[in-house]
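Observations on the model geometry
One letter stands for each residue in the lines below.
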Amino acid sequence: MALVVQWAQEHGQVGGVLTSHTQLSRRLRDEGHEVRYVDTGSLRRAVRAAPALATRPALHLFHITRLWRAIILAPVFAVLPGRTVLVLHSGSTTRQVRDMGGPMRAVLNLALHAYDELWTVNDEIRAVLPEGLAGRAVVVVPFDDTFQPGLDVMAHDAHALALATNAGLAHYNAELGLDAARLVRRKWPDATIHILAYGNDGPALDRLREQVRGEAWVTITFDLPAAATSEVLQRVGCFLRPTSWDGDSLIVREALASGARVVASDRAPRPRGVELAPLDASGLATVVLEGGPVSDGAGLAERTMAQAADAAMDRLERMT
C-alpha cells in the first residue's frame, strides 16, 4: 500500500478544505493506505518536515487556496521522491492569476512545473493555468458523498433556510442572503434562516450579529462541528449560496446530498440540481419561492478526489 502525505492543517479552520482532505484521508485509510500530515499552518514547520519525507517515495497532496504558497514551497516539492500534486480549492484562483503582473505570472509558471499534477475544482480554474501545463491538470470533485448519514426527507422544513459565510467575508454576501430571506418572509411569515459562520470571528461577524439582534427568526452559529452542520443541512428546506464567486463548494454538495434544495448565484459553475438565481435579493427570493433554472453541472467534474488519488498512486507504482 502507498504512503500518502497530506500537506494541510489536519485540525485546521472549519470549512470546505478541511472537510475535503479529511474525507479523502478517511477513504484512503479505509483502503489500507498510510496517510500522514504535514502542517502547512506554518511554512517554516512544513519546510522542516521535508527532509524526513525524502527517504521514501510517496504521493504528496498539497491543498491550498492562496497561490503564493505554491510558489514558496515549489523548491520543496520539486525534490521530494514520488509524485506531487497541487490541489487548488478556491474559486478566487482565477482572480489571483489575473491580478498578477507579467513577471509574477512567469514566476508562477515556473513554480507550477514543480508539481506532477494540478488538481482544480472547476474548469474555470484549469483554464487560467499556463497552457504548457494543461496535460498535468485534472478537474476533481472535492466532496465524497459516501460519508453522508442516512437521509430522512420528511425531516426537512420547507420554510427553513441556511447559508454559510467564512468570517463574514464580502464575497459570501451573507447580508444579501438576509435581505433575500426578509423578502421570502413576506410570503412565508414562518420562514427562518440559520447562518453557519466559520473562520475568524471578528468585526465582520460582529456587524452581522448586530444587524439581526432581536430577530428571533435568525440563528447565527460559529464553527459548528461537522456533525452539527450536517444536522442543520438535513433540517432546512433550502440552502442559499449567494456568493460572488466559487470553486466547487463542498457545503453546496453536502446540502444537495442531504436532500435540501440549493439556491445559488449564477456567478460560478454549480453542481447538477442547484437552482440558479441572479445575485440580488429579489432574484434570490423569487427562486426560493417559485423555483428557478436548474444547473446541469457544466464546468464541474464527475471524477472524485479519491478517484484521482487512485490514478496518481497507480502512476507512482509504475514509477517505482
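Scroll up for the structure.
Heads up: these notes are all about the structure in this document. Owing to the predicted nature of the structure, the values given are computational and were not obtained by experimental measurement. (Residues numbered from 1 in each chain as written. Predicted model: local features only at pLDDT ≥ 70, side-chain atom pairs only at ≥ 80, totals over all residues. Heavy atoms only, no water.)

1. Section: the overall build of the protein
Rules: Only runs of H or I of at least four residues qualify as helices and only runs of E of at least two qualify as strands under DSSP, and these elements are numbered from the N terminus. We take the radius of gyration over the C-alpha atoms and set the globule estimate at 2.2 Å times the residue count to the 0.38 power. In this description, accessible areas are obtained by the Shrake-Rupley approach with a 1.4 Å probe, and a residue is regarded as covered only by the protein chains that are shown.
Within the protein, the regular secondary structure consists of 13 helices and 12 strands. Relative to the compact-globule value of 20 Å for 320 residues, the protein shows a C-alpha radius of gyration of 20 Å, a close match. Overall, the protein is about 65 × 45 × 35 Å in size when its C-alpha atoms are taken along their principal axes. As displayed, the protein has an accessible area near 14300 Å², and 51% of this comes from carbon and sulfur atoms.

2. A look at the packing of aromatic side chains
For any two aromatic rings, the description comes down to two numbers: the centre-to-centre distance and the angle of the planes. Under the convention used in this document: When two rings of Phe, Tyr or Trp (its six-membered ring) have centres within 6.5 Å they constitute a pair, described as stacked for plane angles under 30 degrees, edge-to-face for angles over 60, and tilted for the intermediate range. With a 1.4 Å probe rolled over the protein chains alone, any residue whose accessible area is under 20% of its type maximum counts as buried; one over 50% counts as exposed, and the rest are partly exposed.
In total, this model carries three aromatic pairs according to the counting rule given. When the centroid spacing of 4.7 Å and the interplanar angle of 55° are considered together, the rings of Trp7 and Phe77 count as tilted. In this pair, Trp7 is assigned in strand S1 (residues 3-7) and Phe77 in helix H4 (residues 74-79), connecting sequence segments 70 residues apart. Taking the relative accessible area as the measure of exposure, Phe77 reaches 1% and is therefore buried. Centroid distance Phe62 to Phe77: 4.9 Å. Interplanar angle 15°. Geometry classified as stacked. Of this pair, Phe62 sits in strand S3 (residues 58-64) while Phe77 sits in helix H4; the two residues are 15 residues apart in sequence, bridging distant segments of the chain. Of the two residues, Phe62 and Phe77, neither departs from the other in class, the shared state being buried.

3. A few points about the side chain of Thr221
Cut-off, in case you're wondering: Polar contacts here mean pairs of N or O atoms no more than 3.5 Å apart (in protein, one a potential hydrogen donor and the other a potential acceptor; neighbouring residues in sequence count only if both atoms are side-chain atoms). When checking whether two residues touch, look at their non-hydrogen atoms; a contact exists if any pair is within 4.5 Å.
Tracing the backbone shows Thr221 in strand S9 (residues 218-222). Taking the relative accessible area as the measure of exposure, Thr221 reaches 19% and is therefore buried. One polar contact links Thr221 to His194, side chain to side chain, over a distance of 2.9 Å. The residues contacting Thr221, other than those within four sequence positions of it, are His194, Ile195, Leu196 and Ala197.

4. Focus on the pairing of S1
For the record, the criterion: Being paired, for any two strands, means DSSP has found at least two bridges between them. Crossovers are marked right-handed if the path from the first strand over the helix to the second runs clockwise, as seen with the strands pointing away from the viewer.
The buried fraction of S1 is high, at five of five residues. What you see with S1 is no split at all: Leu3, Val5 and Trp7 on one side and Val4 and Gln6 on the other are buried throughout. With five bridges joining them, S1 and strand S2 (residues 34-38) adopt parallel strand pairing. Residue Leu3 lies in a different strand from S2, and its bridge partner there is Glu34. Crossover S1 to S2 through helix H1 (residues 16-30) is right-handed. Both S1 and S3 contribute to a ladder of four bridges, which runs parallel. Across the sheet, the residue bridging to Val4 is Leu59, located in S3.

5. Considerations on the packing of helix H10 (residues 226-235) against helix H11 (residues 250-257)
We apply this condition: Angles shown run from 0 to 180 degrees and are taken between the N-to-C directions of axes, each axis being a line fitted to C-alpha atoms and, for helices, limited to the stretch in contact. For classification purposes, an angle smaller than 35 degrees is called roughly parallel, one larger than 145 roughly antiparallel, one from 65 to 115 roughly perpendicular, and anything else oblique. Less than a right angle of anticlockwise turn of the near helix away from the far helix marks a crossing as left-handed, whereas a clockwise turn marks it as right-handed. Gly is placed with the polar residues, together with every amino acid not listed as nonpolar (Ala, Val, Leu, Ile, Met, Phe, Trp, Tyr, Cys and Pro) or charged (Asp, Glu, Lys and Arg).
In contact at an axis separation of 9 Å, H10 and H11 are set at 55° when each is read in the N-to-C sense. Comparing their axes, H11 and H10 come out oblique. For H10 against H11, the interelement crossing comes out right-handed. Between H10, through Thr229, Ser230 and Leu233, and H11, the contact on the second element is made entirely by Ile251, Glu254 and Ala255. Class assignment for the residues of the contact of H10 with H11 results in three nonpolar, two polar and one charged.

6. A closer look at the sheet that holds S2
Sheet strands pair by backbone hydrogen bonding; their relative direction is either parallel or antiparallel. Overall, parallel pairing links the six strands, which are arranged S2-S1-S3-S4-S5-S6 in an open sheet. Of all the strands in the sheet, the pair left with one neighbour each is S2 and strand S6 (137-139). Averaged over all pairs of adjacent strands, the angle between strand axes in this sheet comes to 25°, irrespective of strand direction. With respect to the sheet, H1 is in contact with S1, S2 and S3, its orientation differing from that of S2 by roughly 150°. Each of S1, S3, strand S4 (82-88) and strand S5 (117-120) is contacted by helix H13 (residues 305-319), which is oriented at about 155° to S4, the strand it contacts most.

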